[in-house]
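Take a look at the letters that make up each chain.
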Amino acid sequence: MEAVIISKTKMNKGCCVGAILSNGEGIRLLDSDGHNQPSNTSYQVGQIWDLTFTYRTEITEPHNEDVLVINSTFKGNVANLQDYLEKKLKVKIWKGTHNNLFDNKIRWTNNGSGYISVRTGLPEHSVGFYISDTDITFEDNHYVFGSDTSKKIASVTLQTQVDIPAGTLIRVSLARWWKPEDVDMEERCYVQLSGWY
């Protein structure tokens, strides 16, 4: 099935590659053994690939987009990725304040990091699209929302870090479940900025 590559983000090992199938379904491209793509992967944002894959059987909500790629064939490039996503694929887009991310399920730590947990309720997916009603500024490896510098999300995109004007289509994602080993607290998935168009 054809898919357009919409993101490449940095991981501890390799990179995470996000795509959307021609039916609008978001997927995350793992290799056939279930690992992230290598750092030198051929997949580039804006490319269309014909993929043969299977769905990963062992998933932990809300990270239900993982697929194991068995074979892939490059088909071409998308001229305007934002138009392709909004007009051709008609992706769902959260708009307005940052509190609307992930179906209003985001909570914020005392230091301003956004997250979800089992306690707060889980969204349907771990990736999504967002158009902010304020400028988003890059500061100290995080993005902050307009004048509300108390809220921030980490940047994991491989794109050059720049300030993002209001009205820009952004891809956001949730990190895998995590908690510090030496702290008695719930596991959380933290919000990340994983690309813009």
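The structure contained in this document is the topic of the report that follows. Treat the numbers as computed from the prediction; the structure is a model and nothing was measured.

Side note on the overall build of the protein chain
Right, on to step 1. In terms of helices and strands, the protein chain carries 2 helices and 14 strands.
Right, on to step 2. A globule of 197 residues ought to have a C-alpha radius of gyration of about 16 Å, and the protein chain, at 16 Å, matches this closely.
Right, on to step 3. Taking the principal axes of the C-alpha coordinates as reference, the protein chain spans close to 45 × 40 × 25 Å.
Right, on to step 4. Residue burial in the protein chain is summarised as follows: out of 197 residues, 48% are buried.
Right, on to step 5. Within the protein chain, contacts between residues separated by at least 24 positions form 62% of all contacts whose residues are at least 6 apart in sequence.
Right, on to step 6. Entry remark: accessible area of the protein chain is about 10100 Å², with carbon and sulfur atoms responsible for 46%.

A few points about empty space enclosed by the protein
Right, on to step 1. With the rule as written, the count across this model stands at 1 cavity of 30 Å³ or more.
Right, on to step 2. In terms of residues, the lining of the largest cavity owes the most to one element, strand β3 (residues 26-30), which gives 3 residues.
Right, on to step 3. By residue class, the composition of the lining of the largest cavity is 4 nonpolar, 1 polar and 3 charged.

Notes on the sheet that holds strand β5 (residues 66-77)
Right, on to step 1. Spatially, the 5 strands close up into a barrel ordered β1-β2-β3-β5-β4, and their pairing is mixed. Adjacent strand axes in the sheet meet at a mean angle of 50°, parallel and antiparallel pairs treated alike.
Right, on to step 2. Bridge count between strand β1 (residues 2-10) and strand β2 (residues 15-21): 7 bridges; the pairing is antiparallel. In the sheet register, I5 faces β2, and the bridge partner there is A19.
Right, on to step 3. Running over the sheet, helix α1 (residues 81-88) touches β1, β2 and β4 (47-55) and is turned about 125° from β1.

A look at a negative patch on the surface
Right, on to step 1. A contiguous patch of negative charge, built from D135, E139, D140 and D163, is present on the exposed surface.
Right, on to step 2. Along the chain, D140 turns up in the loop between β10 (136-139) and β11 (142-145).

Side note on the nonpolar core
Right, on to step 1. Counting residues in each nonpolar core, the largest one holds 20 residues, and the members touching the most others are L101, F102, I106, I153 and I170.
Right, on to step 2. Of all the elements in the fold, those that place two or more residues in this core are α2 (101-104), β11, β13 (169-174) and β14 (189-196).
Right, on to step 3. Looking at which element gives the most residues to this core, the answer is β14, with 4 residues.
Right, on to step 4. If we skip the residues at most four places from it in the chain, I153 touches W108, H142, Y143, F145, V172, V191, Q192 and L193.

Structural notes on the environment of Y190
Right, on to step 1. Relative to the elements of secondary structure, Y190 occurs in strand β14.
Right, on to step 2. Note: C-alpha distance between Y190 and V4 (186 residues apart in sequence) is 25 Å.
Right, on to step 3. Those residues in contact with Y190 that sit more than four places away from it in its chain are T109, S113, G114, Y115, S173, L174, A175, W178 and M185.

Some points on the pairing of β3
Taken residue by residue, a regular strand's side chains alternate between the two faces of the sheet.
Right, on to step 1. In terms of burial, β3 is a largely internal element, 4 of the 5 residues being buried.
Right, on to step 2. Here β2 runs beside β3; their pairing, made up of 3 bridges, is antiparallel. Bridging from a neighbouring strand, I20 pairs with G26 of β3.
Right, on to step 3. With antiparallel pairing between neighbouring strands as the criterion, β2 and β3 make up a hairpin whose turn holds 4 residues, including G24 at a positive phi of roughly 90°.
Right, on to step 4. Pairing of β3 with β5, which is carried by 3 bridges, proceeds in the parallel orientation. By the bridge assignment, L29 is partnered in β5 with V67.

What counts as what
- Residues numbered from 1 in each chain as written.
- Predicted model: local features only at pLDDT ≥ 70, side-chain atom pairs only at ≥ 80, totals over all residues.
- Heavy atoms only, no water.
- Helix = DSSP H or I, 4+ residues; strand = E, 2+ residues; numbered from the N terminus.
- Rg over C-alpha atoms; globule rule 2.2 N^0.38 Å.
- Buried < 20%, exposed > 50% of the residue type's maximum accessible area, 1.4 Å probe, protein only.
- Contact = heavy atoms within 4.5 Å.
- Areas by Shrake-Rupley, 256 points an atom, 1.4 Å probe, with all protein chains shown as cover.
- 1 Å grid on protein atoms, 1.4 Å probe; cavity = no way out; pocket = protein on both sides within 12 Å on 5 of 7 lines; lining within 4 Å.
- Points joined across faces, edges and corners; volume = space filled by probe spheres on them.
- Nonpolar A, V, L, I, M, F, W, Y, C, P; charged D, E, K, R; others polar.
- Pairing = 2+ DSSP bridges.
- Axes fitted to C-alpha atoms, helices over the stretch in contact; angles between N-to-C directions.
- Patch = residues over 30% accessible without salt bridge, like charges linked within 9 Å, V, L, I, M, F, W, Y side chains within 5 Å.
- Salt bridge = Lys/Arg side-chain N within 4 Å of Asp/Glu carboxyl O.
- Lys, Arg positive; Asp, Glu negative; His and termini not counted.
- Charge placed at Lys NZ, Arg CZ, Asp CG, Glu CD.
- Core = buried A, V, L, I, M, F, W, Y, C linked by side-chain atoms within 4.5 Å.

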